[in-house]
Number of protein chains: 2
Amino acid sequence: MKIMQLYAAMKSDLQSIEDQMVQTVTSDLPILSETSLHLLKAGGKRIRPVFVLLSGKFGDYSIDTLKKVAVPLELIHMASLVHDDVIDDADTRRGQLTVKSKWDNRIAMYTGDYIYAKALIVVSDLAKPRIHQILSGAMVQMCIGEMEQIRDFFNVEQSVRNYLRRIRRKTALLIAISCQLGAMATDAPARTSHALYRFGYNVGMAYQIIDDLLDLRGTEKAIGKPPGSDLRQGNITLPVLFALEDDSLKPQLLKEIYSIRDGEGPANSAPAVKLVRSSRGIKPAEDLADRYIEKALKALESLPDIPAKRNLADIARFVAKRSY
Amino acid sequence: MKIMQLYAAMKSDLQSIEDQMVQTVTSDLPILSETSLHLLKAGGKRIRPVFVLLSGKFGDYSIDTLKKVAVPLELIHMASLVHDDVIDDADTRRGQLTVKSKWDNRIAMYTGDYIYAKALIVVSDLAKPRIHQILSGAMVQMCIGEMEQIRDFFNVEQSVRNYLRRIRRKTALLIAISCQLGAMATDAPARTSHALYRFGYNVGMAYQIIDDLLDLRGTEKAIGKPPGSDLRQGNITLPVLFALEDDSLKPQLLKEIYSIRDGEGPANSAPAVKLVRSSRGIKPAEDLADRYIEKALKALESLPDIPAKRNLADIARFVAKRSY
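Residues numbered from 1 in each chain as written. Chains lettered and ligands numbered in written order. Predicted model: local features only at pLDDT ≥ 70, side-chain atom pairs only at ≥ 80, totals over all residues. Heavy atoms only, no water.

An unreviewed UniProt entry lists chain A under the name Heptaprenyl diphosphate synthase component II, with Cohnella herbarum as the source organism. Listed in UniProt under the heading Cofactor (unreviewed entry), the comment for chain A reads: "Mg(2+)". Per UniProt, chain A carries the Sequence similarities (unreviewed entry) text "Belongs to the FPP/GGPP synthase family." (UniProt positions renumbered as here; feature names shortened; annotations may be inferred.)

As structure tokens, this is what we get:
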């Protein structure tokens, strides 16, 4: 089954999640509804809700129960994007103006806070304290990941291991628990939710590595924001770290990175991006993403042979090949 | 019993809450522990924990249970302060540098997010979903209140009702639920937690009105930040609204407020503050705070006659008279 067919098959349940998200962020204060809906309407791949739903197939599938996990997960993701855009000083996301750019930083900060809090109200409808714990634990890790990212801006000496730890917190964990909580909410066996966690974790790692590759290789049209954003803000990603291992390229690349760091006014990351693109850093990053996808597929093996298992595998393979 | 004696009598339980707060925000990332502890160590009146503990006396008092409510409430309050300081561009709070000023806005934003999330982990230890709901509901209302405040900056046409609705969300609600949740967590009867909610709500309203009065009348030494901060950022508080009702003063006061709004560089709110201080706006604001304190005392009447009841009344009276 193709990914589009899969989304089509899940259309009604995804729509119900979308409706619940809209309803959740619609407040009595017009500006907050506006900023939140602006973001919601910009769309997204909704990979977390899709993983929640598919993982729910391994338990007693109920859209009403799964909604109470999928909605908060996607909202937490969205809230983190609003706050990231403040930090990154980003003007566009998914081809749309960001909240901080359409309104301002103050409004973006409270919009993020508001969406976080609304997400938590939804999950508190589930009488499963363990799920709340996992969810707030993931929020903590995400904050730590973001702080590590700030700390590591322009740090060209950081290890690959450091990078991997950061993206685990920043991205992989929330995708991992999307799979885990879909299974837990529907009372699937513990070994199933563990396997799904591992699946999600590995897909999440690959997902972020590919995101970082796309930021270097994509076009503004394809990725919905100007490429080279990571380097512009000092975020040293995996392909850059690998490129820096090439001694013939290193001095020039360092020079370009430092010029972004030390320059005044809008930074131009194009020369650095060009260097990394042409470097030997791309291939090993792609290979590592592939290895994570293989691990994700392996995590699925022990699961019962239901259609959702093949759907998850299809998504993992799709993630590996995505160009947006 | 004097307030200091009361704090002394509760010292060991308050210390246990303090320890748990420190432990909660101590993370594996030094910078996050540092920023959070910086804030914790600056102290504060800890009025929310005190209310939780006293309200817990009306049920099956247990410090272990009450801690799981008091710690998140105080942390949520702290997180909101960190985010407010970003918005207000405040350099000092409680006589200390703010996180945004000692570090920067980005770090302050994630420190706030981190403290919010940590607060939620603590409360998720309690298997009472209703408590989670009330807590996240209050967080939502606080965000709405903050957004209303931004929306209403420099709006000299706003009604007193508008101001009251805003401070209810911004301040009174969290104090109200501190009392309510202390009772709920210890399984006090529903009518008790309702009465305590009303008590806390009214104390909270008085508390914020007095805070706004202090910002106009206090000294930097007494209030831990330069006076006139509200007007400097455009926050039109109750005494200002009342002062604007005096037609003989209004044109001059409006002129000063508009000059803050339209001026470039650091705003000087001293002339506007001086006008309000000398105006007929102070007295009715004080009277309204007194009326809220009376209502708070009235809310206590139906409660069983235990020492905590008198302690709560003492605190309410103290709040009415505080000068810091």
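**Structural notes on the packing of aromatic side chains**
Applying the stated rule across the entire model yields two aromatic pairs over all chains. Ring geometry for B:Phe51 and B:Phe199: centres 5.6 Å apart, planes at 65°, overall edge-to-face. In this pair, B:Phe51 sits in helix α4 (residues 47-56) while B:Phe199 sits in helix α10 (residues 190-217), placing the two residues 148 residues apart along the sequence. Taken as a pair, B:Phe51 and B:Phe199 share a single burial class, namely buried. Sitting above the plane of the A:Tyr61 ring, A:Lys57 keeps its charged end 4.0 Å from the centroid. (Phe/Tyr/Trp six-rings, centres within 6.5 Å; stacked < 30°, edge-to-face > 60°. Helix = DSSP H or I, 4+ residues; strand = E, 2+ residues; numbered from the N terminus. Buried < 20%, exposed > 50% of the residue type's maximum accessible area, 1.4 Å probe, protein only. Lys NZ or Arg CZ within 6 Å of the ring centre and 35° of its normal.)

**Quick word on the nonpolar core**
The biggest cluster of nonpolar side chains holds 241 residues, and the ones touching the most others in it are A:Phe199, A:Ile209, A:Leu253, B:Phe199, B:Ile209 and B:Leu253. Beyond its immediate chain neighbours, meaning those up to four positions away, B:Ile209 contacts B:Tyr163, B:Leu164, B:Ile167, B:Leu238, B:Ala285, B:Leu288, B:Ala289 and B:Tyr292. (Core = buried A, V, L, I, M, F, W, Y, C linked by side-chain atoms within 4.5 Å. Contact = heavy atoms within 4.5 Å.)

**Some points on unusual backbone geometry**
Although it is not a glycine, A:Phe154 sits at a positive phi angle of roughly 60°. Residue position: A:Phe154 is located in the loop between α8 (129-151) and α9 (160-185). Classification of A:Phe154 as buried rests on a relative accessible area of 18%. Of note in this structure, B:Arg46 is not a glycine but carries a positive phi near 55°. Within the secondary structure, B:Arg46 sits in the loop between α3 (30-41) and α4.

**Points about the interface of chain B and chain A**
Residue-level contacts link 40 residues of chain B with 40 residues of chain A. Across the chain B to chain A interface the summed buried area is about 3700 Å²; carbon plus sulfur atoms make up 76%. Among the residues chain B hides against chain A, the three largest losses belong to B:Arg106, B:Tyr110 and B:Met147. Together they make up 20% of the total. The tally of links between chain B and chain A comes to zero salt bridges. Between chain B and chain A we count nine residue pairs in polar contact (both at pLDDT 80 or more) in total. Counting only elements with at least two residues in the side of chain B that touches chain A, the list comes to α3, α5 (63-88), α7 (105-123) and α8 (129-151) of chain B. With 14 residues, α8(B) is the largest single contributor of residues to the side of chain B that touches chain A. Per-class residue counts for the side of chain B that touches chain A are 22 nonpolar, eight polar and ten charged. (Buried area = accessible area lost by both parts, 1.4 Å probe. Salt bridge = Lys/Arg side-chain N within 4 Å of Asp/Glu carboxyl O. Polar contact = N/O pair within 3.5 Å; in protein donor to acceptor, adjacent residues only side chain to side chain. Nonpolar A, V, L, I, M, F, W, Y, C, P; charged D, E, K, R; others polar.)

**Some points on the state of the cysteines**
Summed over all chains, the structure comprises zero disulfides over all chains. The thiol of A:Cys143 is not disulfide-bonded; the next cysteine sulfur, from B:Cys143, is found 14 Å away. (Disulfide = S-S within 2.5 Å.)

**Section: the relation of the copies chain B and chain A**
The two copies are related by a screw motion: chain B maps onto chain A through a turn of 180° and a shift of 0.0 Å along the axis, at an RMSD of 0.0 Å. Seen this way, the second copy is the image of the first under a two-fold rotation axis. (Least-squares fit on C-alpha atoms with pLDDT ≥ 70 in both.)

**Describing the packing of α10(B) against helix α16 (residues 282-300) of chain B**
All names here are of chain B. For the pair α10 and α16, interaxial distance at closest approach is 8 Å and the crossing angle is 160°. Judged by the angle between their axes, α10 and α16 are roughly antiparallel. Judged by the twist between their axes, the crossing of α10 over α16 is left-handed. Of α16, the residues touching α10 (which contributes Ala195, Arg198, Phe199, Asn202, Val203, Met205, Ala206, Ile209, Ile210, Leu213 and Arg217) are Ile282, Ala285, Glu286, Leu288, Ala289, Tyr292, Ile293, Lys295, Ala296, Ala299 and Leu300. Of the residues that constitute the contact of α10 with α16, the class distribution is 17 nonpolar, one polar and four charged. (Axes fitted to C-alpha atoms, helices over the stretch in contact; angles between N-to-C directions. Parallel < 35°, antiparallel > 145°, perpendicular 65-115°, else oblique. Left-handed = near helix turned anticlockwise from the far one by under 90°.)

**Some points on the confidence of the model for chain A**
Interpreting fine coordinate detail is not advised for predicted regions of low pLDDT. With 98% of its residues at a pLDDT of 70 or more, chain A has an overall mean of 91. Both scores are available for the predicted complex, with the pTM at 0.89 and the ipTM at 0.86. (pLDDT = per-residue confidence, 0-100.)

**Examining the side chain of B:Ser33**
Summarising the element assignment, B:Ser33 is placed in helix α3. In this structure, B:Ser33 is in contact with B:Val25, B:Thr26 and B:Ser27, ignoring residues within four places of it in sequence.

**Notes on helix α10 (residues 190-217) of chain A**
Over its 28 residues, α10(A) extends 40 Å from the first C-alpha to the last, a length consistent with the 40 Å expected when each residue adds 1.5 Å. Of all 28 residues in α10(A), 21 are buried; the element is thus mostly enclosed. (Expected span 1.5 Å × (residues − 1).)

**As for helix α14 (residues 250-262) of chain A**
All names here are of chain A. Across its 13 residues, α14 extends 18 Å between first and last C-alpha, which sits within 8% of the 18 Å expected from 1.5 Å per residue. Burial in α14 covers these residues: Leu253, Leu254, Glu256, Ile257 and Ile260. With its buried residues spanning 160° around the axis, α14 presents them on a single face. Among the exposed residues of α14, those oriented more than 90 degrees off its buried face are Pro251, Lys255 and Asp262. Summarising the contacts, the buried residues of α14 are in contact with α12 (229-233), α13 (238-243) and α15 (270-277). (Arc of directions from axis to C-beta.)

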